[in-house]
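Summary of structural features
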Amino acid sequence: MGLRDLSIRAKVAITILGALLVVLGVATTFSLRYWEQEQYALTNEHALMMAGTARSSVESGLAHGEAGWIRAQLDTMGTRAPFAGYRVVGRDGSILMSSVAAEEGVRRSGPPLPDPWDIPPDGKVFGGRGEAVYSVVLPLSGVGGPGGRGVLEFPIEVRRIEDGIRRGRTFGLLLTAVLGIGYAVVLGAMMEREVIRPFRTLERQVESQRRELTERAGFAEVGALASQVAHEIKRPLAGIQSAVEFIGHEYAMSEAQRELLGRVSGELAHVDETLRDMLSLARPVGLEPKPMSLHTTIDAALARLAGRPGMDRVAVVRTYDPAADAMLGDAGRIEQAVLNLCLNGVEAMADGGRLVVTTRRHTGAVVVEVADTGSGIPPENLDRILKPFFSTKALGTGLGLPLVLRVVSAHGGRLWVESEVGKGTTFHLELPVGEAAWQANAS
Ligand SMILES: Nc1ncnc2c1ncn2[C@@H]1O[C@H](COP(=O)(O)OP(=O)(O)O)[C@@H](O)[C@H]1O
Ligand SMILES: [Mg+2]
């Protein structure tokens, strides 16, 4: 059982975790990629704005020929994030001014910048992430004299952006992991309640049905053998019984002899009853249920109680629910089952008491309750009373309740018992009404 439980749980857990990993993995990958692109887009926007401001200062400086002032402006602007320096490049590609002093007067290396006339007035991003160059470039007028044009370039510091992205990615993955674990726990709990538990109940039901079936299968074989043996014994037994009776009538005997003969007769009756019960247990229960009156059937069983030893001290009470009367079933066998329950009740009330037979209507089923105010069944015996040949009575066969169970199972019903030692016992016998009866009762 443990193994089977584990494998269901493991399967469900693997399914949940797998689905979660795929969903969260895909979602995280896409959102992180989008977010990274967004980081660059924002940086570009910011860079273009700052570069525009810087250009105005530089151009007014150029108009007044104040090179020192221009450099001071650029030194300030070029070190502000996201910039990693600055360059003023002439149309011919020579570097006129740079944050790196050694570059000045040298030709700009790397991919050539676009011509100043081709750059939109508000500037543009040149290159990008993962490319050889990543800068913001703007046309700069007044370079190399009035009317001349150059390019103002601000290289963008990729490291800063990448650092931000790395931090964001770590945070995102952490958040995903926490969410994933949270989801897994919640889903797991839900699965436990909605899937695993119902599944286990179902599994247990199937298991108990299977066990019942195998029990019945074994019963059928043993039953066939037993009924053969019973038939063989029954004939000579009848002969012995009449011989004993004959001896009792015909011969004069001492008190002790008569008592002995009485014991023989009693034992013979016991054997006979056992055989009868065994035969009844072995005989198949009618597979074809017929419309029947439950109350007439119970009445017939109660009528057969009359004259049994101890009956004079027992009051029989019937509480019938009229709605529980019509049903489909094997009336003869149900009568036998009810009789067995009533006999047990009477036998449990050696000092007298009340035998109450109640019927109830449930959805799709009727319940017959047989309650006595007798000795009760000790808890340790509750598991054994349904086993064939279990009896606590000197002359008991231990076959009465197994027969009840067989009749109930054959009808697709259920049997259960409540008992309290010293107070009494109630057997509940639930039988499906059968479709036709149900329709008749429902209208
Ligand atoms: N109503 C009852 N009150 C007390 N004990 C009962 C009752 N019904 C059954 N039992 C117990 O269950 C045992 C088995 O019952 P049953 O199968 O009818 O066999 P038997 O009646 O031949 O002993 C009884 O011997 C008795 O111990
Ligand atoms: Mg009995």
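Residues numbered from 1 in each chain as written. Chains lettered and ligands numbered in written order. Predicted model: local features only at pLDDT ≥ 70, side-chain atom pairs only at ≥ 80, totals over all residues.

Examining the domain arrangement of the protein
When cut into domains, the protein gives domain 1 (2-156) and domain 2 (288-442). The centre of domain 1, based on its C-alpha atoms, is set 91 Å off from the matching centre of domain 2. (Domains from an automatic or database assignment.)

A few points about the environment of Val100
Assignment of secondary structure puts Val100 in the loop between β2 (95-98) and β3 (124-127). A C-alpha to C-alpha distance of 7.8 Å links Val100 and Gly85, two positions 15 residues apart in sequence. (Helix = DSSP H or I, 4+ residues; strand = E, 2+ residues; numbered from the N terminus.)

What to know about the site of ligand 1
Around ligand 1 there are 21 residues in total, and Asn344, Ala348, Ser391, Gly396 and Gly400 lie nearest to it. Classifying every residue of the shell around ligand 1 gives six nonpolar, 13 polar and two charged. (Near = placed C-beta within 6 Å. Nonpolar A, V, L, I, M, F, W, Y, C, P; charged D, E, K, R; others polar.)

Overview of the pairing of strand β5 (residues 149-155)
Side-chain positions along a regular strand alternate between the two faces of the sheet. Across the seven residues that make up β5, a large majority, six, are buried. In the sheet, strand β1 (residues 87-89) pairs with β5 via three bridges, with the strands oriented antiparallel. Paired with Arg87 across the two strands is Glu153, which belongs to β5. Sheet analysis places strand β4 (residues 134-141) next to β5, joined by seven bridges and oriented antiparallel. Within the sheet, the bridge partner assigned to Leu140 lies in β5 and is Gly150. (Buried ≥ 20, exposed ≤ 12 C-beta atoms within 10 Å, placed from the backbone. Pairing = 2+ DSSP bridges.)

Quick notes on the sheet that holds β3
Spatial ordering of the open sheet is given by β2-β1-β5-β4-β3, a layout of five strands whose pairing is antiparallel. Whereas interior strands pair on both sides, the edge strands pair on one side only; in this sheet they are β2 and β3. Across the sheet, the axes of successive neighbouring strands diverge by a mean angle of 30°, strand direction being ignored. (Axes fitted to C-alpha atoms, helices over the stretch in contact; angles between N-to-C directions.)

A few points about helix α7 (residues 400-410)
Think of an α-helix as 3.6 residues a turn; residues three or four steps apart then line up on the same face. Within α7, nine of the 11 residues are buried, which leaves the element mostly enclosed by the surrounding structure. Listed in full, the buried residues belonging to α7 are Gly400, Leu401, Pro402, Leu403, Val404, Leu405, Arg406, Val407 and Val408. Contact partners of the buried residues in α7: α4 (255-282), α6 (331-348), β11 (414-420) and β12 (424-432). One or two steps after α7, the chain reaches Gly412, where phi turns positive at roughly 75°. (Contact = placed C-beta atoms within 7 Å.)

Observations concerning the packing of helix α5 (residues 294-303) against α6
At a closest axis distance of 8 Å, the pairing of α5 and α6 adopts a crossing angle of 50°. Taken together, the axes of α5 and α6 lie oblique to each other. Seen along the crossing, α5 lies across α6 with a hand that is right-handed. Residues Thr297, Ile298, Ala300, Ala301 and Leu302 of α5 lie in contact with α6, whose contacting residues are Ala331, Ile334, Glu335, Val338, Leu339 and Cys342. Among the residues making up the contact of α5 with α6, the classes are represented as nine nonpolar, one polar and one charged. (Parallel < 35°, antiparallel > 145°, perpendicular 65-115°, else oblique. Left-handed = near helix turned anticlockwise from the far one by under 90°.)

Observations concerning the sheet that holds β11
Two strands in a sheet stick together by hydrogen bonds in their backbones, pointing the same way (parallel) or opposite ways (antiparallel). Taken together, five strands build an open sheet; the order of strands is β7-β9-β10-β12-β11 and the sheet is mixed. Two strands in the sheet have a free side with no partner beyond their single neighbour: β7 (314-319) and β11. For this sheet the average axis-to-axis angle between neighbouring strands, irrespective of direction, equals 15°. Where β7 lies against strand β9 (residues 353-362), six bridges are found, and the strand directions are parallel.

Concerning unusual backbone geometry
Look at the link from Ala81 to Pro82: it is a cis peptide, with omega at 5°. Here Pro82 is to be found in the loop between α2 (67-77) and β1. The backbone phi angle of Phe389 is positive, close to 75°, even though this residue is not glycine. As for its position among the elements, Phe389 is in the loop between β10 (365-372) and α7.

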